[in-house]
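Chain by chain, the residues:
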Amino acid sequence: APWQRALDADGLYEFARERSAAMKRAFLRVPRGTGNYTYKGDLNQNGIGDENEFEQTRYDGEYVAIYLQSDQLVPVVDLRVGFRLRFTPARLFSERQGFFEKALTAISTETTARIEEKSTEPEAQQIYFLHLSKFLNDSTTITGTNLFTQDLYVFEADPSFSLRFRFNQRKGLLRLLGSTEKSYSRERGIRLRTQLLREIGNETEFKNKVDQLFSSMDSPRQRNLLSNGLKTEFSYRPYPEWEVAFGTGVSQVINRFGGVDATAYLNDQFLRLTYSILSIGQLRSEVQREEVRIANGANSGLREFPFEFTNGEVVGKTLLWRLAFDYRISQYIQVSVNYDGRSEGGRRTVHSARAEAPAFL
């Protein structure tokens with residue numbers, strides 16, 4: 001971190017030889033509401049819980065997905081490489097600045113890259129010397145990920161106005177028993193933060209995303225999504241202990257998997273009220289409305305859509321409401337009470353509540 005930390009860099013290189021095996025996906029049952037999958041039943045009546053019989057859900061999940069190694073172990077090369085580079089020109093210049101220095105100090109950047117590869121490549125030097133043509137290979141890679149993120153900030157430290165431009169790209173490969181999954185995601189976005197008045201702030205963000213997953217075998221996880229989304233949120237703090245926040249978001253998601261474009265139109269609105277008791281507790285309440293419409297769904301040839309197509313939101317209108325209270329009775333005792341209610345797409349209303357009082361010794 002030289003030049004008064006104007007440049008801040010971190011690097012990691014980790015290499016190992018070990019024995020590993022292809023992975024298999026299994027589903028582990030957990031208490032209701034703590035998982036993210038539900039079991040639809042033995043659809044093909046083979047007495048086995050196949051992957052396509054488990055469905056992702058936002059609520060009341062009873063299963064989680066885990067990855068287990070098969071019995072046959074083979075020698076593998078395990079590599080992890082990463083770096084982070086942050087450049088803040090404002091730390092380079094004194095208070096007496098010309099036009100060029102002032103323009104440069106308004107900008108800061110952060111670059112992150114990470115490569116993880118577990119491979120059966122017989123020539124290990126091809127991996128630890130970073131010959132990228134040998135990475136994410138269908139025949140040798142067991143698991144692999146390539147991630148790159150570039151952020152560009154304008155007036156990052158200014159609370160009244162700041163911008164962030166982001167580019168994020170991830171490539172992955174996972175070899176399972178009997179199948180191989182390839183994934184690709186890319187996000188391009190811009191975020192604007194402004195303090196309109198002393199009590200009123202706003203954050204607005206636009207994202208353009210690509211989310212793809214292809215499998216060598218038929219899988220409900222396969223998708224080819226292209227989405228554009230805009231979200232804005234206002235916060236009003238008339239007093240230090242009170243905050244009112246409200247916002248809205250709209251997005252369009254196109255699923256191009258299967259050769260026919262099925263399009264989902266999503267919008268949501270929320271209102272949140274927070275009352276803080278200084279250093280003792282907090283009371284939060286929130287109401288949220290969601291709406292999902294799907295076009296060309298009946299003509300797509302797909303009976304079910306991937307979870308990511310609507311982020312788990314059901315078709316139609318959904319109303320959610322929440323109430324949470326946290327209070328610290330003493331240094332060693334804290335009380336938490338949470339209540340959630342929802343009415344999804346015209347289904348029956350569901351209420352859930354939880355209270356706990358942990359004590360620390």
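Residues numbered from 1 in each chain as written. Predicted model: local features only at pLDDT ≥ 70, side-chain atom pairs only at ≥ 80, totals over all residues. Heavy atoms only, no water.

Asker: Even after reading the chapter, I still don't get the layout of surface pockets, so can you show me in this structure?
Answerer: What the second largest pocket holds in volume is close to 890 Å³. Lining the second largest pocket are 35 residues; nearest its centre among them are Lys 207, Lys 209, Gly 229, Ser 251 and Asn 311. Put simply, the parts of the chain that give the lining of the second largest pocket at least two residues each are strand E10 (179–195), strand E11 (200–215), strand E12 (223–239), strand E13 (242–255), strand E14 (262–277), strand E15 (281–295) and helix H4 (307–310). Here the lining of the second largest pocket gets eight residues from one element, more than from any other, and that element is E12. When grouped by side-chain class, the residues that make up the lining of the second largest pocket number eight nonpolar, 12 polar and 15 charged. (1 Å grid on protein atoms, 1.4 Å probe; cavity = no way out; pocket = protein on both sides within 12 Å on 5 of 7 lines; lining within 4 Å. Points joined across faces, edges and corners; volume = space filled by probe spheres on them. Helix = DSSP H or I, 4+ residues; strand = E, 2+ residues; numbered from the N terminus. Nonpolar A, V, L, I, M, F, W, Y, C, P; charged D, E, K, R; others polar.)

Asker: Teacher, can you tell me more about the confidence of the model for the chain here?
Answerer: Parts of the prediction with low pLDDT should not have their coordinates interpreted in detail. In the predicted model, the chain carries a mean pLDDT of 89, and the fraction of residues at 70 or more is 96%. Under a pLDDT of 50 for its full length, residues 299–303 has, in the predicted model, eight contacts with residues more than four places off or in other chains. (pLDDT = per-residue confidence, 0-100. Contact = heavy atoms within 4.5 Å.)

Asker: Would you explain the side chain of Asp 326 in this entry?
Answerer: With respect to the helices, strands and loops of the structure, Asp 326 is situated in strand E16 (residues 316–328). Note on Asp 326: relative accessible area 19%, which makes it buried. Side-chain polar atoms of Asp 326 contact the side chain of Ser 336, separated by 3.0 Å. Residues in contact with Asp 326, not counting those within four places in the same chain, are Ile 280, Gly 281, Gln 282, Arg 284, Gln 334, Val 335 and Ser 336. (Buried < 20%, exposed > 50% of the residue type's maximum accessible area, 1.4 Å probe, protein only. Polar contact = N/O pair within 3.5 Å; in protein donor to acceptor, adjacent residues only side chain to side chain.)

Asker: Looking at this structure, I do not really get the packing of aromatic side chains. What am I missing?
Answerer: To describe a pair of aromatic rings, one takes the distance between the centres and the angle between the planes. With the rule as written, the count across this model stands at 14 aromatic pairs. Seen from their ring centres, Phe 27 and Phe 54 are 4.1 Å apart, and the 10° between their planes marks the pair as stacked. Taken together, the residues span a long stretch of sequence, with Phe 27 in strand E2 (residues 23–29) and Phe 54 in strand E4 (residues 54–61) at a distance of 27 residues. No difference in accessibility class separates Phe 27 from Phe 54, as the two residues are buried. (Phe/Tyr/Trp six-rings, centres within 6.5 Å; stacked < 30°, edge-to-face > 60°.)

Asker: In this structure, what is going on with a nonpolar patch on the surface? I would like to understand it.
Answerer: On the surface, a nonpolar cluster with roughly 540 Å² of combined accessible area is contributed by Tyr 239, Trp 242, Leu 273, Tyr 275, Leu 283 and Leu 323. Structurally, Tyr 239 is set in strand E12. (Patch = residues over 30% accessible without salt bridge, like charges linked within 9 Å, V, L, I, M, F, W, Y side chains within 5 Å. Areas by Shrake-Rupley, 256 points an atom, 1.4 Å probe, with all protein chains shown as cover. Salt bridge = Lys/Arg side-chain N within 4 Å of Asp/Glu carboxyl O.)

Asker: Quick question: what am I supposed to make of the pattern of salt bridges here?
Answerer: Opposite charge on two side chains permits them to pair, given that their charged atoms come into close proximity. Under the criterion given, the structure shown has 29 salt bridges. Measuring nitrogen to oxygen at the nearest pair gives 3.0 Å for the salt bridge that ties Arg 25 to Glu 181. Of the two residues, Arg 25 sits in strand E2 while Glu 181 sits in strand E10, which places them 156 residues apart along the sequence. Across the pair, exposure class does not vary: Arg 25 and Glu 181 are buried alike. Of the charged contacts in the structure, one is a salt bridge between Arg 86 and Glu 110, with a shortest N-O distance of 2.7 Å. Of this pair, Arg 86 sits in strand E6 (residues 74–87) while Glu 110 sits in strand E7 (residues 107–119), and the two are 24 residues apart along the sequence. Like Glu 110, Arg 86 is buried.

Asker: Which parts of the structure should I look at to understand the environment of Asn 311?
Answerer: Relative to the helices and strands, Asn 311 resides in the loop between H4 and E16. Along the backbone, Asn 311 and Thr 57 are 254 residues apart, and their C-alpha atoms lie at a distance of 9.1 Å.

Asker: Would you mind showing me how to read unusual backbone geometry here?
Answerer: Backbone geometry follows two general trends: most residues other than glycine have a negative phi, and most peptide bonds adopt the trans configuration. Despite not being glycine, Leu 130 has its phi angle at roughly 60°, a positive value. For Leu 130, a relative accessible area of 35% gives the class partly exposed. Within the chain, Leu 136 stands out as a residue other than glycine whose phi angle is a positive 50°. The topology assignment puts Leu 136 in the loop between helix H3 (125–128) and strand E8 (141–154).

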